[in-house]
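Descriptive analysis of the structure
As a plain string of letters, each chain reads:
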Amino acid sequence: MRELLKKFAYVGTALVLVGVAVNSCQKQATKGGISADVAKQVYVPPGEYDEFYAFLSGGYNGQIDVVGLPSGRLLQIVPVFSVEPRNGYGFDEETKAMLMTSHGFIPWDDSHHPELSQTDGVPDGRWLFINANNTTRMARLDLQTFETVEILEIPLSGGNHASTFVTPNTEYVTAATRFAVPIPQKDMPIDVKNFQGTLTFIKVNNDPNYDKNDRMEIAFQILVPGYDYDLSHCGKGPSYGWCFFTSYNTEQASTLLEINASQKDKDYIAAVNWKVAEKCIADGKYKEVPVTYYHNYYDDKTHMAYSKVHKSVKVIDPKDCPGLIYFLPTPKSPHGVDVDPTGEYIVAGGKLATVLPIHSFSKMVKAIENKQFEGEDHGIPVLKYDAINHCEVPKPCLGPLHNEFDGRGYVYTSCFISSEVIKTDLQTCKVVDRIPVYYSVGHLMIPGGDSKKPWGKYVLPMNKITKDRFLPTGPELPHAAQLIDITGEKMRMLLDFPTIGEPHYAQALPADLIVDKVWKVYPLEENKHPYATHSEEEAKVVRKGNVVHVYMTAIRSHFVPDNIEGIRVGDTVYFHVTNLEQDWDIPHGFAMYGAQTANILVMPGQTKTIRWVPKHPGVYPFYCTDFCSALHQEMQGYVRVSPRGAKVQLRWRGGGSDWKTG
Ligand code: CUA
């Protein structure tokens, strides 16, 4: 029997070998059935830059991944809503304030939908916005420094999922309530029918001469029925002035939503006219609702985050503001809502629907003018489906979720259940191509694909399941993105690459919109950090009661001071480390033995602070954690800790100097 099995095994191997030989002679196909010549299309030779920056949300890791396309190379992970031990974000004293909320310090969140700032409907490479789904917030990254520079808490909300989507000149960024909640929050029985939602419009200060990072403020919130508001996109061109939000659970189920929120054939897209909202605010048709929320921002000059606490927000009740909002019936528990580059077509993703509904903006406007309503819901006019619908793409695929556009009249739809991307002609509503993806695709992204001018070269589906695609890594497998060429009539699979966390949405734009603007250092002469040390001569150690401030410098390859004595158990020590380098890519790190925090990674010209509360007498080392030079390993020092109440003199030395005292 054994012999027989061996024989079969041998025959099997032989067949495989023959198969490989045949394939390599013919089309050089790979195991996945993709011809090897696609490698040329994604190959970026060593030393050369990728053509596109792509920004993928990290999902449950709360971060943003920066990836180069077409190579799929991971360039950076930018911490946003989650602490990052790599560089000390959220651990160092400067950035803790970024993660402050009305619920206290929150070290994590679930980041979903990145959106690039736009000018005239086109991504402009200034900023990237991203939402926090769990403890409702919105963040802004500066694409000169690739740092999170602003986080705004969204009050009167639960589950900020339909966020962040911008208006064509970044006048506003949207947010919305995914989970209906008591508004304002209060203790009451769980019954969604008594809860409400809000659609939030955050005003963005676009003034190029404004030199602070507190650019976002909540302009207004719109009170809406307690449905689950899921996704959004704003109008452009003719639909400029409008934003669209999908909703599900219009059944208002409180429990077992998988059944109870799938009862109705249609839910809604909420169409909001923000120009009308602006007028209602100007006319005083709103209520100032008392509620506490945080607004945190990072100052590039002091290298420090600050929190402002707001105490109220403007809320518009649609009853007081006619023309503000209409419901567009849409089958069935829709997920994405996407507006095509012309601004005319509003494509929904009916995740349980058998059709792909495409609404027409011009028909919607006519339907409003002609009062083609089928009724009202909570006082909001519901338009007649037939009056607004451009077409239903029949039998598109199973589980259509999201849409992006190539700017050539086609919409690309991700289909979760049937694991494919389909390409549909917006005019004729005919599916013209489809390609399988591996597996269970969620969002998809075309560079600029939700803007007025897509760079329609690739589509990047982001897949939830990757079993059998990569070398296994235990029960937990990575999510993945795939790169598909969409320049031809037929889509062409080019590349698989695993991602960090779970990317939901992504954005991309040509690298040349960013590359030349990227900061290489923080100018030392502009460093206004209150504990900055601009030269080794200024380095010092200052005691104030039980608090000790170490004004420390770092330069290749030493710290000043590198010896400190006179610290006592019971002290709290702050090491304020200034990196004196003014050369690109020369960070210094700092780690202190026994510090209950992460290391800090200090960029050239920057100051960062680590807190240390020594517990036991002794002599403890610290060192540079970033391999900065050939003598990096020598970049180290000691702190002597004496018992509580000891009389050991506070003194320090370093950089070749003798002991100094304060
Ligand atoms: Cu500085 Cu290693």
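Report on the accompanying structure. (Residues numbered from 1 in each chain as written. Predicted model: local features only at pLDDT ≥ 70, side-chain atom pairs only at ≥ 80, totals over all residues. Heavy atoms only, no water.)

**Re the packing of aromatic side chains**
Enumeration over the complete set of coordinates arrives at 31 aromatic pairs. Taken together, a centroid distance of 6.4 Å and an interplanar angle of 80° make the contact between tryptophan 127 and phenylalanine 129 edge-to-face. When its relative accessible area of 6% is taken as the criterion, tryptophan 127 is described as buried. Geometrically, the ring pair formed by tryptophan 242 and phenylalanine 361 is edge-to-face, given 6.1 Å between the ring centres and 70° between the ring planes. Taken as a pair, tryptophan 242 in strand E14 (residues 242-248) and phenylalanine 361 in helix H5 (residues 361-369) lie far apart in primary sequence, 119 residues in all. Both residues of the pair, tryptophan 242 and phenylalanine 361, count as buried. Sitting above the plane of the tyrosine 385 ring, lysine 266 keeps its charged end 4.5 Å from the centroid. The ring of tryptophan 659 carries arginine 651 above its face, with NZ or CZ at 4.0 Å from the centroid. (Phe/Tyr/Trp six-rings, centres within 6.5 Å; stacked < 30°, edge-to-face > 60°. Buried < 20%, exposed > 50% of the residue type's maximum accessible area, 1.4 Å probe, protein only. Helix = DSSP H or I, 4+ residues; strand = E, 2+ residues; numbered from the N terminus. Lys NZ or Arg CZ within 6 Å of the ring centre and 35° of its normal.)

**Considering unusual backbone geometry**
Note: most peptide bonds trans; most residues except glycine with negative phi. Of note, the bond from leucine 69 into proline 70 is cis; its omega dihedral lies within 30 degrees of zero at 15°. Relative to the assigned elements, proline 70 resides in the loop between strand E2 (63-69) and strand E3 (73-79). Note the cis peptide between tyrosine 438 and tyrosine 439, where omega equals -20°. Mapped onto the fold, tyrosine 439 is located in the loop between strand E28 (431-436) and strand E29 (441-445). Its identity as a non-glycine residue notwithstanding, threonine 170 has a phi of 55°, on the positive side. Residue placement: threonine 170 occurs in the loop between strand E9 (147-153) and strand E10 (172-176). Non-glycine residue histidine 378 carries a positive phi angle of around 50°. A relative accessible area of 48% places histidine 378 in the partly exposed class.

**Details of a nonpolar patch on the surface**
A grouping of Leu398, Phe416 and Ile417 is seen on the molecular surface, where their side chains present a nonpolar patch of about 290 Å² in accessible area. Take isoleucine 417: its relative accessible area is 54%, and that puts it in the exposed class. (Patch = residues over 30% accessible without salt bridge, like charges linked within 9 Å, V, L, I, M, F, W, Y side chains within 5 Å. Areas by Shrake-Rupley, 256 points an atom, 1.4 Å probe, with all protein chains shown as cover. Salt bridge = Lys/Arg side-chain N within 4 Å of Asp/Glu carboxyl O.)

**A short note on the sheet that holds strand E27 (residues 420-425)**
The four strands are arranged E25-E26-E27-E28 in an open sheet whose pairing can be described as antiparallel. Edge positions in the open sheet fall to strand E25 (400-405) and E28, since each of these has one partner strand only. Averaged over all pairs of adjacent strands, the angle between their axes in this sheet comes to 20°, without regard to strand direction. Strand direction decides the pairing type here: E27 and E28, joined by five bridges, are antiparallel. (Pairing = 2+ DSSP bridges. Axes fitted to C-alpha atoms, helices over the stretch in contact; angles between N-to-C directions.)

**Some words on the sheet that holds strand E37 (residues 563-568)**
Ordered by their spatial adjacency, seven strands build an open sheet running E40-E39-E42-E43-E37-E44-E45, and the pairing between neighbours is mixed. Across the chains shown, the open sheet's two edge strands, defined by having one partner strand only, are strand E40 (600-602) and strand E45 (660-661). When strand E42 (residues 618-623) meets strand E43 (residues 636-642), the two strands line up antiparallel, connected through six bridges. Looking across to E43, one finds that tyrosine 623 is bridged to glutamine 636.

**Section: the pattern of salt bridges**
A full pass over the atoms with the stated rule returns 23 salt bridges. Here arginine 556 ties to glutamate 581 by a salt bridge, and the two come within 2.7 Å at their closest N and O atoms. Here arginine 556, found in the loop between strand E35 (547-555) and strand E36 (558-560), pairs with glutamate 581, found in the loop between strand E38 (572-579) and strand E39 (588-592); they are 25 residues apart in sequence, far enough to count as distant. In this structure, glutamate 565 and arginine 640 form a salt bridge, with 3.4 Å as the shortest nitrogen-oxygen distance. Note that glutamate 565 is positioned in strand E37 and arginine 640 in strand E43, a separation of 75 residues in sequence. For arginine 640, a relative accessible area of 31% gives the class partly exposed.

**Looking at the environment of valine 569**
Looking at where valine 569 falls in the secondary structure, it is placed in the loop between E37 and E38. With 47 residues separating them along the chain, valine 569 and histidine 616 place their C-alpha atoms 6.2 Å apart. Ignoring sequence-local partners within four residues, the contact set of valine 569 consists of Pro614, Lys615, His616, Pro617, Val641, Ser642, Pro643 and Arg644. (Contact = heavy atoms within 4.5 Å.)

**Describing the state of the cysteines**
Counted by the stated rule, this structure contains four disulfides. The disulfide that involves cysteine 280 links it to cysteine 321, with 2.0 Å between the sulfurs. What sets the handedness of the cysteine 280 and cysteine 321 disulfide is the S-S torsion sign, and at about 90° it is right-handed. One end of the pair, cysteine 280, is in helix H4 (residues 274-282); the other, cysteine 321, is in the loop between strand E17 (304-316) and strand E18 (325-331), with 41 residues separating them in the sequence. Residue pairing for cysteine 391: its cysteine sulfur links by disulfide to cysteine 429, the two sulfurs lying 1.8 Å apart. Disulfide cysteine 391 to cysteine 429: torsion about the S-S bond roughly -95°, handedness left-handed. Of this pair, cysteine 391 sits in strand E24 (residues 389-394) while cysteine 429 sits in the loop between E27 and E28, placing them 38 residues apart in sequence. The same class applies to cysteine 391 and to cysteine 429, which are both buried. (Disulfide = S-S within 2.5 Å.)

**Side note on the pairing of strand E33 (residues 506-510)**
The buried fraction of E33 is high, at five of five residues. Bridge count for strand E1 (residues 52-57) against E33 is five bridges, and the pairing is antiparallel. What sits directly across from phenylalanine 55, in E33, is glutamine 507.

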